[in-house]
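Inside the fold
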There are 2 protein chains.
Amino acid sequence: MQAHRAIPAPSRDDGRKGLVVLGSTGSIGTQTLDVVRSFPERFRVIGLAAGRNNALFQRQLAEFRPRYFWCQHTAGLEPGEACCAPMEEMVADPDVGLVMVGTVGIAGLSPTLAAVRAGKAIAPANKEVLVMAGEAVTREAARHGAAILPVDSEHNAIWQCLQTDGASHLAVSQRVARLILTASGGPFRTASRRDMEEATPEQALRHPNWTMGPKITIDSATLMNKGMEIIEAHWLFGVPQEKIDVVMHPQSIIHSMVEFVDGSIVAQLSQPDMRMPIQYALSYPERWSNPRLPRLDLAHLKALTFEPPDLERFPCLSLAREALSKGATYAAVLCAADEAAVALFLDRQIRLMDVPRIVGQALDEHRPTPQPDLEAILDADRWARERVQSLARGLPARV
Amino acid sequence: MQAHRAIPAPSRDDGRKGLVVLGSTGSIGTQTLDVVRSFPERFRVIGLAAGRNNALFQRQLAEFRPRYFWCQHTAGLEPGEACCAPMEEMVADPDVGLVMVGTVGIAGLSPTLAAVRAGKAIAPANKEVLVMAGEAVTREAARHGAAILPVDSEHNAIWQCLQTDGASHLAVSQRVARLILTASGGPFRTASRRDMEEATPEQALRHPNWTMGPKITIDSATLMNKGMEIIEAHWLFGVPQEKIDVVMHPQSIIHSMVEFVDGSIVAQLSQPDMRMPIQYALSYPERWSNPRLPRLDLAHLKALTFEPPDLERFPCLSLAREALSKGATYAAVLCAADEAAVALFLDRQIRLMDVPRIVGQALDEHRPTPQPDLEAILDADRWARERVQSLARGLPARV
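Let me sum up the structure you'll find in this document. The model shown is predicted, which means the values in this text are computed figures rather than measured ones.

The rules behind each value
Residues numbered from 1 in each chain as written. Chains lettered and ligands numbered in written order. Predicted model: local features only at pLDDT ≥ 70, side-chain atom pairs only at ≥ 80, totals over all residues. Heavy atoms only, no water. Helix = DSSP H or I, 4+ residues; strand = E, 2+ residues; numbered from the N terminus. Rg over C-alpha atoms; globule rule 2.2 N^0.38 Å. Buried < 20%, exposed > 50% of the residue type's maximum accessible area, 1.4 Å probe, protein only. Contact = heavy atoms within 4.5 Å. Areas by Shrake-Rupley, 256 points an atom, 1.4 Å probe, with all protein chains shown as cover. Lys, Arg positive; Asp, Glu negative; His and termini not counted. Charge placed at Lys NZ, Arg CZ, Asp CG, Glu CD. Core = buried A, V, L, I, M, F, W, Y, C linked by side-chain atoms within 4.5 Å. Polar contact = N/O pair within 3.5 Å; in protein donor to acceptor, adjacent residues only side chain to side chain. Pairing = 2+ DSSP bridges. Least-squares fit on C-alpha atoms with pLDDT ≥ 70 in both. Axes fitted to C-alpha atoms, helices over the stretch in contact; angles between N-to-C directions. Expected span 1.5 Å × (residues − 1).

**Concerning the overall build of chain A**
When its secondary structure is counted, chain A shows 16 helices and 10 strands. In terms of C-alpha radius of gyration, chain A reaches 21 Å, essentially the compact-globule figure of 21 Å for 399 residues. Considering only C-alpha atoms, chain A reaches an extent of 60 × 50 × 40 Å along its principal axes. Counting across all 399 residues of chain A, residues that qualify as buried make up 59%. Sequence separation of 24 or more characterises 71% of the internal contacts of chain A that already satisfy a separation of 6 or more. Taken as a whole, chain A presents about 15,500 Å² of accessible surface, with 51% of it coming from carbon and sulfur. Separation of charge centres in chain A, based on 42 positive and 46 negative side chains, amounts to 2 Å.

Rendered as structure tokens:
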């Protein structure tokens, strides 16, 4: 579509935080707007961007009356007084204070870089941005003084835990012994390798604790999500991957932990509901009471349990660590190859355990670009997607 | 004994924190000196005070060469160059930065008040100080800018959790929905009321997780310790008792938690080892690596479980809440009556469940002094101890 040049309305600073929500009709976007709905006196929505769900997007435009909008197809849309603007432009509006990046896949990368270069706080709920371009995004954020407020429940938990000792001016690395990412283990935590080989998309989509989009649910079933979270945690908190552990925690109540150098562990717990980390990112550095968020009744909880991850059945964990340690464009390949492979699995063209096989093969074959810019990252992304298609054609047909 | 007037040695400020340890031969004192031993470049011991264990005290004087000492009987003691000084004087030395209050019972109250009035940071590991005189100690500390760094594992955990959102300047009450004190439940967590009535001192001293002095171990068996911790938490964190909950957590791994107004819970976990909270109080606002502190291997932990406390079998919890809500000298009576009653139980003169009966009776009969000063608190203490003796004589003889 043609992007119309937006003419910024006169700024009316009424003390409310100006918000842009990228991916407003998705799971993160709708939950973000649900939190915003609870605090009308605290936020105004400056921009909304969405993909294909125009019916919902139309209702959001009518309710939140943003200054800017963007969507894939404007046919039939009645945007009222909102101007159509590319995401890269709306995030840079002077009235924007925070950009929620809830887009799926690589679409959020360019607007995220635009936001941090404009010095805006970003709240990435999108794994791809930090996995593919973690080095570039964190470097640009530091250069432009842009805060990164992680929304992923695990990184949000670590963020909550890390500030625990009131000495946030001290380097994290001096204080932290380990970041401990918890993983529910998804539907195949106790499954046999054979059952995992035979798993159907329906079985893999049956996540025990979280309701999420299909791609991320499959990533939870292969633990690729946890592998990617290792990469994100490395960039967000500046901690080397040797100090980032994964522990299985089937109840999804402890969302992650920090072990400090003195042996003290601080953990964050809540019901598995994404509105909690979303609200924390929106309210930071305050905390706001919100009766719509579920409470945890600890005294009547069943046991909280932990176990080490089985790297044999979940090779994606090791693939992610390999991509992080090799650097360059490897993490971009991991991310793009996984997205393409998961789509093939959901389309019943490959098996679940073909996902790590194909991603591993793509990593092996990849010719890296060191210190990549955005273009090199997008090139690696394209190469990986194409390579996955070829590799999938070479596999035995799905039974 | 006669206290000799101490002549302060010329101050030699070498960047090390000046420390006074009150109760240096007790459980908290020896563990404090164990931490100090790990960081000789960070601390110098200005003063040591002990009770009756002169053999150990002699070794501590030789090892740490304090400027001041105090003990109950100096006969045979070779203090080297250390001056004998009352605790109230040694804590006020200009080179003292932190006073660890590890004395048992009421002995720590007067030196604690002297320390806060001299603007010194105090690290209370002694329940009596804050239970009996929480209002006076916190008021004086605020007036003189003295920090209170709690060492009790539960309050230390809450302290670690409370600073979680990087907004410690905001009033705690705006951010906190509930403080959640965890209780192991001690040896009688699953015992019947009848078994508790018949319990011997040997059975009551068998704490499943912690090694502590006998008085506090019995308080753990009756949950009086947890009741007193509610009172301490109220004074330390300014949170009303309606927002302070107790949850049974038999594994003693989560040492306490904070539920924030947004529903997020932050918890502190570690092996049950008092050197961890002691070191945190000493190192604050930093954290120091210490290989001598045990690590928690989460992946191989058994389950963490929780249950509500049984107020029928553990009436001390309700007695403590009653004493806190009545205010005045009631908490001093609770504390003194409990200490006297526990001594009678350990001496086999009363039964375990007579402890709450006698303490409850003393609270019922007490004539309170509102807004008590130190003298009124000491009066209430004396009255309660005497009353317990009389009440115990009126009980049926122990079988």
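**Examining the nonpolar core**
Residues A:Leu334 and B:Leu334 are the most contacted members of the largest nonpolar core, which totals 250 residues. Contact partners of B:Leu334, with chain neighbours within four places excluded, come to B:Met224, B:Met228, B:Ile231, B:Leu319, B:Ala320, B:Ala323, B:Val359 and B:Leu363. If you look at the next biggest cluster of nonpolar residues, it comprises 28 residues, including A:Ile253, A:Leu301, A:Phe306 and B:Val247.

**Description of the environment of B:Asp93**
Residues and elements named next belong to chain B. Tracing the chain through its elements places Asp93 in the loop between helix H3 (87-90) and strand S5 (98-101). For Asp93, a relative accessible area of 4% gives the class buried. Between the C-alpha atoms of Asp93 and Trp210, which are 117 residues apart in sequence, the distance is 34 Å. A distance of 2.3 Å separates polar atoms of two side chains, one belonging to Asp93 and the other to Tyr68.

**Focus: the interface of chain A and chain B**
Contact with chain A, which involves 49 residues of that partner, is made by 49 residues of chain B. If you list the elements that add at least two residues to the side of chain A that touches chain B, you get helix H6 (153-162), strand S7 (176-183), strand S9 (254-260), strand S10 (265-269) and helix H12 (275-283) of chain A. Top element by residues in the side of chain A that touches chain B is S10(A). It accounts for five residues. The sheet contact formed by S10(A) and strand S10 (residues 265-269) of chain B spans five bridges and is antiparallel. Paired with A:Ala267 across the two strands is B:Ala267, which belongs to S10(B).

**Considerations on the sheet that holds strand S3 (residues 68-70) of chain B**
Think of a sheet as strands paired side by side through backbone hydrogen bonds, with each pair either parallel or antiparallel. Residues and elements named next belong to chain B. Across the sheet, six strands lie side by side as S4-S3-S2-S1-S5-S6; this open sheet has parallel pairing. Two strands lie at the open edges of the sheet, namely strand S4 (83-84) and strand S6 (121-124), each paired on one side alone. Sheet analysis places strand S1 (residues 17-22) next to strand S2 (residues 43-49), joined by six bridges and oriented parallel. Along S2, the bridge assignment pairs Val20 with Gly47.

**Quick look at the relation of the copies chain A and chain B**
In screw terms, the move from chain A to chain B is a rotation of 180° and a rise of 0.0 Å along the axis, fitting with an RMSD of 0.0 Å. These values place the two chain copies in the arrangement generated by a two-fold rotation axis. Same-surface contact between copies: 100% of interface residues of chain A are shared with the interface of chain B.

**Notes on the sheet that holds strand S6 (residues 121-124) of chain A**
Residues and elements named next belong to chain A. Strand order in the open sheet made by the six strands is S4-S3-S2-S1-S5-S6, with parallel pairing throughout. Edge positions in the sheet fall to strand S4 (83-84) and S6, since each has one partner strand and no second. In terms of strand pairing, strand S5 (residues 98-101) meets S6 through four bridges, oriented parallel. Looking across to S6, one finds that Met100 is bridged to Ala123. Where helix H2 (residues 54-64) meets the sheet, it contacts strand S2 (43-49) and strand S3 (68-70), and its direction lies at approximately 150° from that of S2.

**Things to note about helix H1 (residues 27-38) of chain A**
Here H1(A) spans 17 Å end to end across 12 residues, near enough to the 16 Å set by a 1.5 Å rise per residue. Taken as a whole, H1(A) has its buried residues at A:Ile28, A:Gly29, A:Gln31, A:Thr32, A:Leu33, A:Asp34, A:Val35 and A:Val36.

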